[in-house]
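Understanding the architecture of this molecule
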Amino acid sequence: MNNRIERAHWASRFGFVLAAAGSAIGLGNIWKFPYITGKNGGGAFVLVYLLCIVLVGLPIMMAEFLIGRHGQRDAVGSFESLEGKGSPWRLVGWGGVAASFILLSFYAVVAGWSFDYIFKSASGSLGGKTPEQINDLFGALVADPGRVIFWQFLFMAATVGIVLGGVRGGIERWSKILMPVLFLLLLLLFIRGMSSPGAQAGLEFMFRPDFSRITPEALLDALGHAFFTLSLGAATMITYGSYLPPDSDLFTLSVRITLLDTLVALLAGLAIFPVVFAAGLEPGSGPGLVFQTIPIVLAGLPFGSFLALIFFILLAFAALSSSISMLEVSVAYLIDEKGWRRNRATVLVGSLAFVLGIPSALSFNRWAELKPLFDRTFFDLFDLLVSSYMLPLGGMFVALYAGWFWKGEEEKNELAASAPRPWLFPVWHFLLRYITPAAVLIILLNQMGIWG
Ligand code: PFF
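The following refers to the structure shown. Since the model is a prediction, treat every value here as computed from it, not as a measurement. (Residues numbered from 1 in each chain as written. Predicted model: local features only at pLDDT ≥ 70, side-chain atom pairs only at ≥ 80, totals over all residues. Heavy atoms only, no water.)

1. Considering the overall build of the chain
What counts is decided by this rule: A run of H or I in DSSP becomes a helix once it reaches four residues, and a run of E becomes a strand once it reaches two; helices and strands are each numbered from the N terminus. Note on exposure labels: buried denotes an accessible area under 20% of the residue type's maximum, exposed denotes more than 50%, and partly exposed covers the range between, all computed with a 1.4 Å probe on protein chains only. Using the Shrake-Rupley algorithm and a 1.4 Å probe, accessible areas are obtained, with residue cover drawn only from the displayed protein chains. Charge counting follows a simple rule: Lys and Arg are positive, Asp and Glu are negative, and His as well as the terminal groups are ignored. Think of each charge as sitting on NZ of Lys, CZ of Arg, CG of Asp or CD of Glu.
Summing up its helical and strand segments, the chain has 18 helices and 0 strands in all. Principal axes of the C-alpha set define a box for the chain whose edges measure 60 × 50 × 45 Å. Counting only residues that meet the buried cut, the chain has 58% of its 452 residues in that class. Surface accessibility of the chain: about 17,600 Å² in total, with carbon and sulfur atoms responsible for 67%. In the chain, which carries 30 positive and 29 negative side-chain charges, the distance between the mean positions of the two groups comes to 5 Å.

Here's what the structure looks like:
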């Protein structure tokens, strides 16, 4: 560790913004956001979600970047370089390493489905089918363990391939390719959505709030999703922040990343809902929305197969730019703390995550009836553990650390490093001290059935 070569840094701020936005923008935006918006009735949910992003998500993102940039090491090491070796705060780093590793294992399963759908759209097998036949295609895919595991493996291999290239040559370079293409494709689908006869209905659904639809469950969905979509609580943003130079303006960077993430979620909704309404389908059809409803809707349109191809490439790109950030958390830990070489760390962690993902892949077929705990399959258990507990808890501890424990002067200096804004520190600190921990506590108590 002592004879470490100079630590890698992003080549440019733009590259960093794209990489961090790439982490944030993923299956969460394009697959999950539209279906939970559908489930929770649209407009009012979108409003609450935006509030959670600004009041809870953005302050935590800034705190994660700050911790990483100050620590200049992986998540565990950054807490140690701030608080001294053996400090209990390193457990927060550890929690993040574990969360992003487990998340990677099952994220690759769903991301693999998008590979299969790219293949399906390109080979024309989505065309000329009835809605029932398209629904059955999804069922047939997930029921086939060999096929699911094959795509999961390919997706993991692609993730490993990028991370092997390192911070600049792998993550940053690929984010600069994946993200602009993603924006372009999304814009195309958005224009298609806005010119469909369902545009009006889609816009109203997303932006006309009906406050009677705001239930406690909708509030919790909004808050939980704010963590997931911004990649918070999994040490990803600490790790990415550690590759930042000391004079970067963290506030502006975080605002940009958050805006990009939000924009993509909204655009995805506006691409999807109009075509769903135009086809007279239900917006609240659940996780099958993008894999079943979207191909059904697109199959009926001119150039439908081509649009489907674009859509699933978009989904795969978004997933890939997120999965590389999950892998980088553990890889950075092994490099910085254990002195491993990047190649060895990347291949090992990628392989382990692939193996851990197999029970999740089998959860839709061979092991669909195997419910080891709480009447849930492995996939549902891992998802529950990470999305509902580890991310919010990780985010809360980051907030508690930055709000109450970290020496205020140091933080102030870090925040003011490039652009002095006298109002920023007090507002940020207030949100982290009171609002974030209270919000997380509410989600957790609710999840454990103690409240709400
Ligand atoms: N933000 C990603 C998405 O919306 O799909 C998911 C994610 C990535 C969560 C990385 C956490 C993480 F560390």
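2. Details of the site of the ligand
The cut-off we apply is this: Neighbouring residues are identified by heavy atoms, a residue being near a molecule or strand if any of them is within 4 Å of it. Polar contact is defined as a pair of N or O atoms within 3.5 Å, subject to the rule that within protein one atom must be able to donate a hydrogen and the other to accept it, and that residues adjacent in sequence are counted only when both atoms are side-chain atoms. In this classification, Asp, Glu, Lys and Arg are treated as charged, Ala, Val, Leu, Ile, Met, Phe, Trp, Tyr, Cys and Pro as nonpolar, and every other residue, Gly included, as polar.
Not every one of the 16 residues close to the ligand is listed here, only the nearest: Ala24, Gly28, Tyr107, Phe228 and Thr236. Ser231 places a polar side-chain atom, nitrogen or oxygen, 3.0 Å from a nitrogen atom of the ligand. Protein contact buries 100% of the 340 Å² of open area that the ligand shows by itself. Counting residues per element, the ones that place at least two in the shell around the ligand are helix H1 (13–24), helix H2 (27–39), helix H5 (90–122), helix H10 (216–229) and helix H14 (304–338). Here the residues of the shell around the ligand are counted per class, giving 7 nonpolar, 9 polar and no charged.

3. Quick notes on unusual backbone geometry
Despite not being glycine, Ser231 has its phi angle at roughly 55 degrees, a positive value. Assignment of secondary structure puts Ser231 in the loop between H10 and helix H11 (236–241). Even without a glycine there, the phi angle at Asp375 is positive, about 55 degrees. Tracing the backbone shows Asp375 in the loop between helix H15 (342–362) and helix H16 (378–405). With relative accessibility at 62%, the residue Asp375 sits in the exposed group.

4. What about the packing of helix H3 (residues 43–71) against helix H12 (residues 250–278)?
To be explicit about the condition: Only C-alpha atoms enter the line fits that serve as axes; for helices the fit covers just the stretch in contact. Angles between N-to-C directions range over 0 to 180 degrees. Each angle receives one of four descriptions, namely roughly parallel if under 35 degrees, roughly antiparallel if over 145, roughly perpendicular if within 65 to 115, and oblique otherwise. Handedness of each helix crossing follows the sense of rotation of the near helix against the far helix: counterclockwise by less than a right angle gives left-handed, clockwise gives right-handed. The contact rule is simple, with two residues in contact once any of their heavy atoms fall within 4.5 Å.
The N-to-C vectors of H3 and H12 enclose an angle of 140 degrees; their axes lie 9 Å apart at closest approach. Our classification of the angle between H3 and H12 gives oblique. Crossing handedness for the pair H3 and H12: right-handed. Of H12, the residues touching H3 (which contributes Val46, Tyr49, Leu50, Ile53, Leu58, Met61, Met62, Phe65, Leu66 and Arg69) are Leu250, Phe251, Ser254, Val255, Ile257, Thr258, Asp261, Thr262, Ala265 and Leu266. Residue composition of the contact of H3 with H12, grouped by class: 15 nonpolar, 3 polar and 2 charged.

5. Brief notes about the nonpolar core
Filter applied, for reference: By convention a nonpolar core is built from buried Ala, Val, Leu, Ile, Met, Phe, Trp, Tyr and Cys residues, the set being connected through side-chain atoms within 4.5 Å.
Counting 154 residues, the largest nonpolar core has Trp10, Phe16, Trp113, Phe227, Phe291, Phe311 and Trp428 as its most contacted members. The element that contributes the greatest number of residues to this core is H14, accounting for 19 residues. Contact partners of Phe227, with chain neighbours within four places excluded, come to Val56, Ile60, Leu232, Leu391, Pro392, Gly395, Val440 and Ile443.

6. So, the pattern of salt bridges
What counts, and what does not: By salt bridge we mean one thing: a side-chain nitrogen of Lys or Arg within 4 Å of a carboxyl oxygen of Asp or Glu.
Using the criterion set out here, one finds 14 salt bridges in the structure. For the salt bridge of Arg7 with Asp336, the shortest nitrogen-to-oxygen distance reads 2.7 Å. Placement of Arg7 in the segment before H1 and of Asp336 in helix H14 is noted, with a sequence separation of 329 residues between them. Of the two residues, Arg7 and Asp336, both sit in the buried class. Between Glu217 and Lys39 there is a salt bridge, with the nearest N and O atoms lying 3.5 Å from each other. Taken as a pair, Glu217 in helix H10 and Lys39 in helix H2 lie far apart in primary sequence, 178 residues in all. Here Lys39 falls in the partly exposed class, since its relative accessible area comes to 40%. One continuous salt-bridge network, built from bridges that share partners, spans Arg73, Glu80, Lys85, Arg90 and Glu337.

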